[in-house]
Amino acid sequence: MLDITFIKENPQLVIDSMNNKGEKNAQLVQRLIDKDEQWRQLVHQIDVLRAKSNKSAKQIGALMAIGNKEEAQTIIQETSRSKSIIKELEKQLNIIAEKRRSLLLRIPNVAHISVPIGHSEEYNQVYSTWGTINTQSWLKPHWDILEKQGWLDFERGVKVTGAGFPFYLGPLAQLQRALIHFFIDEANKVGYVEMQAPYLINEDSARGTGQIPDKEDMMYEIPRDTFFAIPTAEVPVTNFHRGEILFEEQLPLQYVCHTPCWRREAGSYGKDVRGLNRLHQFEKVELVHFVKPDESYETLELLREHVESLLQKLGLAYQTLLMCTGDMGFTQSKKYDLEVWSPGQQRWLEVSSCSNFEAFQARRMQLRYRKDEKVTEMVHTLNGSGLALPRVLSATIETYQTENGLVRVPDILKRYIDREYL
RNA sequence: GGAGAGGUGGCUGAGUGGCUGAAAGCGCUCCCCUGCUAAGGGAGUUUAUGUGGAAACACGUAACGAGGGUUCGAAUCCCUCCCUCUCCGCCA
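In this report, the structure presented in the accompanying data block is examined. Because the structure is predicted, anything quoted here is derived from the model rather than measured.

About the thresholds
- Residues numbered from 1 in each chain as written.
- Chains lettered and ligands numbered in written order.
- Predicted model: local features only at pLDDT ≥ 70, side-chain atom pairs only at ≥ 80, totals over all residues.
- Heavy atoms only, no water.
- Helix = DSSP H or I, 4+ residues; strand = E, 2+ residues; numbered from the N terminus.
- Contact = heavy atoms within 4.5 Å.
- Axes fitted to C-alpha atoms, helices over the stretch in contact; angles between N-to-C directions.
- Parallel < 35°, antiparallel > 145°, perpendicular 65-115°, else oblique.
- Left-handed = near helix turned anticlockwise from the far one by under 90°.
- Nonpolar A, V, L, I, M, F, W, Y, C, P; charged D, E, K, R; others polar.
- Near = heavy atom within 4 Å.
- Polar contact = N/O pair within 3.5 Å; in protein donor to acceptor, adjacent residues only side chain to side chain.
- Core = buried A, V, L, I, M, F, W, Y, C linked by side-chain atoms within 4.5 Å.
- Buried < 20%, exposed > 50% of the residue type's maximum accessible area, 1.4 Å probe, protein only.
- Phe/Tyr/Trp six-rings, centres within 6.5 Å; stacked < 30°, edge-to-face > 60°.
- Lys NZ or Arg CZ within 6 Å of the ring centre and 35° of its normal.

1. Some points on the environment of leucine 104
So, step 1. Note on placement: leucine 104 falls in helix H4 (residues 69-105).
So, step 2. The sequence separation of leucine 104 and lysine 91 amounts to 13 residues, and the corresponding C-alpha distance is 20 Å.
So, step 3. Once residues lying within four places of it in the same chain are set aside, the contact partners of leucine 104 are Met1, Leu2, Ile4, Ile7 and Leu32.

2. Some words on the packing of helix H7 (residues 170-189) against helix H10 (residues 296-314)
So, step 1. Taken N-terminus to C-terminus, the directions of H7 and H10 make an angle of 135 degrees; their axes are 11 Å apart at the nearest point. The angle between H7 and H10 places the two elements in the oblique class. Both H7 and H10 take part in a crossing whose hand is right-handed. Residues Leu179, Phe182, Phe183, Glu186 and Ala187 of H7 touch H10, and the partners they reach there are His306, Leu310, Lys313 and Leu314.
So, step 2. Among the residues forming the contact of H7 with H10, the class breakdown is 6 nonpolar, 1 polar and 2 charged.

3. Comments concerning the protein's contact with RNA strand B
So, step 1. In the region of RNA strand B, 21 residues are neighbours, and Arg40, Asp47, Ala57, Arg368 and Arg370 sit closest.
So, step 2. Counted by atom, the contact set of RNA strand B within 4 Å of the protein is 72% sugar and phosphate.
So, step 3. Here a phosphate oxygen of RNA strand B sits 2.8 Å away from a polar atom, N or O, in the side chain of arginine 368.
So, step 4. A distance of 2.2 Å separates a phosphate oxygen of RNA strand B from a polar atom in the side chain of arginine 370.
So, step 5. Those elements that provide at least two residues to the surface near RNA strand B are helix H3 (28-65), H4 and strand E14 (368-370).
So, step 6. The class makeup of the residues in the surface near RNA strand B is 8 nonpolar, 4 polar and 9 charged.

4. A word on the nonpolar core
So, step 1. Ranked by internal contacts, the top residues of the largest apolar core, which has 53 residues, are Leu179, Phe183, Leu314 and Leu413.
So, step 2. Per-element accounting of this core gives the leading share, 9 residues, to H7.

5. Digging into the packing of aromatic side chains
So, step 1. Taken as a whole, this structure holds 9 aromatic pairs when the rule is applied.
So, step 2. Considering the side-chain rings of tyrosine 255 and phenylalanine 290, the 6.1 Å spacing of their centres and the 80 degrees angle between planes classify their relative orientation as edge-to-face. Remark: phenylalanine 290 occurs in strand E10 (residues 281-291) and tyrosine 255 occurs in strand E9 (residues 253-262); sequence separation between them is 35 residues. Across this residue pair, the class does not change: tyrosine 255 and phenylalanine 290 are buried.
So, step 3. Taking 5.9 Å as the distance between ring centres and 75 degrees as the angle between the ring planes, the aromatic pair formed by phenylalanine 330 and phenylalanine 360 counts as edge-to-face. A residue pair is termed long-range when its members are at least 10 positions apart, and phenylalanine 330 in the loop between strand E11 (318-322) and strand E12 (334-342) and phenylalanine 360 in helix H11 (residues 360-364) qualify at 30 residues.
So, step 4. In textbook terms, an aromatic cluster arises when at least three aromatic residues are bridged by ring pairs, as seen for Phe240, Tyr255 and Phe290.
So, step 5. Sitting over the face of the ring of tryptophan 39, arginine 100 holds its NZ or CZ atom 3.8 Å from the ring centroid.

6. Re unusual backbone geometry
So, step 1. The omega angle of the peptide bond from leucine 251 to proline 252 is -5 degrees, so this bond is cis rather than trans.
So, step 2. Secondary-structure assignment places proline 252 in the loop between strand E8 (245-247) and E9.
So, step 3. The omega angle of the peptide bond from glycine 386 to leucine 387 is 5 degrees, so this bond is cis rather than trans.
So, step 4. With respect to the element layout, leucine 387 can be found in strand E16 (residues 380-388).
So, step 5. Despite not being glycine, threonine 226 has its phi angle at roughly 50 degrees, a positive value.
So, step 6. Relative to the helices and strands, threonine 226 resides in the loop between strand E6 (221-222) and strand E7 (227-229).
So, step 7. In this structure, glutamine 346 takes a positive phi of about 55 degrees despite not being glycine.
So, step 8. Position of glutamine 346 relative to the elements: it lies in the loop between E12 and strand E13 (347-358).

These results come straight from atomic positions and should not be treated as a statement about function.
Right under this line is the structure:
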């Protein structure tokens, strides 16, 4: 959610930004401004009436106290009339306030000046690449290796739950656990606070990070208790501070949190869903920052560098993309995607996206810090995956496979898996 | 899940229909006094939002777990829900 005052002062900037993001409803801006004007007028009208009736109520109290019942009665009669007017206006106000808010929620975040403008992925810029892109033809996709070894069981997953809920077995399960451990250890080293969070969230939290309204279809729902299964740790971790006013000295705050993630992923198919490419349940280590506004872009670079360092230490080739306006989503002001090279599939796989939301999330969930005695200000939030496990697993398996069908243990993981081969 | 007791400002804690956006204490900020330290005195100290103002600020409105209701008037009465504590049940 953007600041209404900012929108009113910079309507054209917001409209341009919407166009750049490929949002077609740029006329929303004017509708919002109009609705806000209506809302303001009505609020004022009601406030004046309420002030009047508050005054009368006080008078009545005073008259009753001295026993002057007749005069009190007269005033009561007068007030009851304006009371019904207030009730009527309040009804209108509710409707208008709701409209205003829903319009406001439909305005996307403004892209940062450094973000390339463009409508589709070909405008994304390759920010950096690292490692050797292995294109040898004998390299197998991970599903061949895993199937042969019996380390990944989709069929029983279907039996027990459904498609997209595989079982990980033996060395693969061990590798995943090692990677999670490694990611958290690395985050701890650079000052992230380790956190374990709820896997179910309530509606207020889903609203806080913007899963509802609109994107509830991505989440699994537990209707009896009105919970949702988290689609990412971003939701509980960011909502951790929802509605708070933080002290300036508390900032910056940074958390690392490993959770499973559940996504309904309706409508996906084909090569995208082979093997570990896309699942309904997967593990992820998430990094979340709460910072002062003037630090958020610097923090975004630190976050990106940290996530890149994970891939480097694992020896996985990757590229970092600076996402263009049209490819970066509603809530972000700047976003990097990290894609790891999958030698067996000969393609890039997204394993992380690191985003700055500026105050967009914070404003929606009223997360502020005290700037000085009088002034509070919205904090800036950022997050990035560090990292999403399934595709890192497949890239690791494919990168470290040998020609005789074995998989070597990456050196960095030998402190968790003390042997040469999986 | 059952029974009981509760949910008030940064904290403790008053407040059962009007003079309470909220006593008192603690904490914190600023000022005064005091040759260190200690002690003392004074002022200030929730949030959101509207109007006016360049601003400082002024004046309103709303909020005492959340949402409804009764009333001219609700922290206070009624209803629903949420949460906390104690006991029981169940359980890792």
